[in-house]
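# Summary of structural features
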Amino acid sequence: MTADGDTSWIDRFAGLRELPEELRQLLVRGSRMVKVPAGAEVFAPGQSADNLLLLLDGTVRVVQHSESGREIFLYRVHPGESCVLTTACVLSMEDYSADGIAETDVTAIAIPRKAFDELVARSAAFREFVFRAYSRRITDLFMLIDEIVFKKLDVRLAERLLELATDDTVKVTHQALGVELGTAREVISRTLADFQRRGWIEQSRGTIRIADRAGLKRLAGTAGAA
């Protein structure tokens, strides 16, 4: 549970900082703190969305499963963000249609539907926070669709390796890359093998080392980036 009267966590969410003290106290009284261990389900298809979730610590990966069992990565929820799928389900009173998995140990604030409805009705600032986050994530999802449909896989893979690299090292499996990019592990493996033949990367179990960052940047179309 959240501490009585402790509204400090609210300031971690930019859109909520403007709430007056009365509504800050209402938000605290009507919410609770939840903790989810790494690897556990935060929500799953068919479950009722009874709480808006605001992430304090950790990351949550949201994925969709096809009828064939294929997993497609949709987005991540980071600290200081809300989950757009949860928001949509709370607003529409529908069940979840995707999985939310805790990638790390997660701490979140759960705002029950009753408190959510009251805050939406009473506070323009809270409404703006909810719908601005919703709009931003919907835009991200359209960009994801555009990338999957129109952008070549090798370009998307090069971009993702550059994003994930720490000191030119990426700790990731082929399966995980396939999920994030919406393709099969075998396709990722073939593309990475091609990258290795070109001298752009070196591979070992669970690790990819970028050997030629400029080559990957040229493929990704970011040769001029810092």
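Refer to the structure above for everything that follows.
Remember, predicted model here, so these are calculated numbers, not experimental data. Residue indices follow the written sequence of each chain, beginning from 1 at its first position. Per-residue local features of the predicted model are confined to residues with pLDDT of at least 70, and side-chain atom pairs are confined, for both listing and counting, to 80 or more; whole-chain, interface and lining totals are unaffected and use all residues. Just so you know, side-chain values use all the structure's heavy atoms and leave hydrogens and water out.

What follows is about the pattern of salt bridges. Counted as salt bridges are all cases of a side-chain nitrogen of Lys or Arg within 4 Å of a carboxyl oxygen of Asp or Glu. Enumeration over the complete set of coordinates arrives at 16 salt bridges. A salt bridge links Arg132 to Glu128; its shortest N-O distance comes to 2.2 Å. Taken together, the residues span about one helical turn, with Arg132 and Glu128 both in helix α4 (residues 124–150) at a distance of four residues. Between buried and exposed lies partly exposed: a residue is buried under 20% and exposed over 50% of the maximum accessible area for its type, with that area taken using a 1.4 Å probe on protein chains only. Using a relative accessible area of 41% as the deciding quantity, one classes Glu128 as partly exposed. The network of salt bridges with common partners includes Arg61, Arg76, Glu103, Arg160, Glu163 and Glu180. In this description a helix means any DSSP run of H or I spanning at least four residues, a strand means any run of E spanning at least two, and both kinds are numbered starting from the N terminus.

With that settled, the discussion passes to the packing of aromatic side chains. Between rings of Phe, Tyr and Trp, where Trp is taken as its six-membered ring, a pair exists when centres lie within 6.5 Å; planes separated by under 30 degrees are stacked, by over 60 edge-to-face, and by other angles tilted. The final tally for this structure, using the stated rule, is six aromatic pairs. Ring centres of Phe13 and Phe129 lie 6.3 Å apart, and the angle between their planes is 85 degrees; this geometry places the pair in the edge-to-face category. Of the two residues, Phe13 is situated in the segment before α1 (21–29) and Phe129 in helix α4; the sequence distance between them amounts to 116 residues.

To continue, consider the packing of helix α5 (residues 153–164) against helix α7 (residues 185–197). Axis definition: a line fitted to C-alpha atoms, limited for helices to the stretch in contact. Angles are taken between N-to-C directions and run from 0 to 180 degrees. Interaxial distance between α5 and α7 falls to 11 Å at its minimum, and their mutual angle equals 75 degrees. The pairing of α5 with α7 is recorded here as roughly perpendicular in orientation. Counted together, Leu153, Asp154, Leu157, Ala158 and Leu161 of α5 and Val187, Ile188, Thr191, Leu192 and Phe195 of α7 form the full contact between these two elements. The classification used treats Ala, Val, Leu, Ile, Met, Phe, Trp, Tyr, Cys and Pro as nonpolar, Asp, Glu, Lys and Arg as charged, and all other residues, Gly among them, as polar. Partitioned by chemical class, the residues of the contact of α5 with α7 number eight nonpolar, one polar and one charged. Orientation labels follow simple angle bins: below 35 degrees gives roughly parallel, above 145 gives roughly antiparallel, 65 to 115 gives roughly perpendicular, and whatever is left gives oblique. When checking whether two residues touch, look at their non-hydrogen atoms; a contact exists if any pair is within 4.5 Å.

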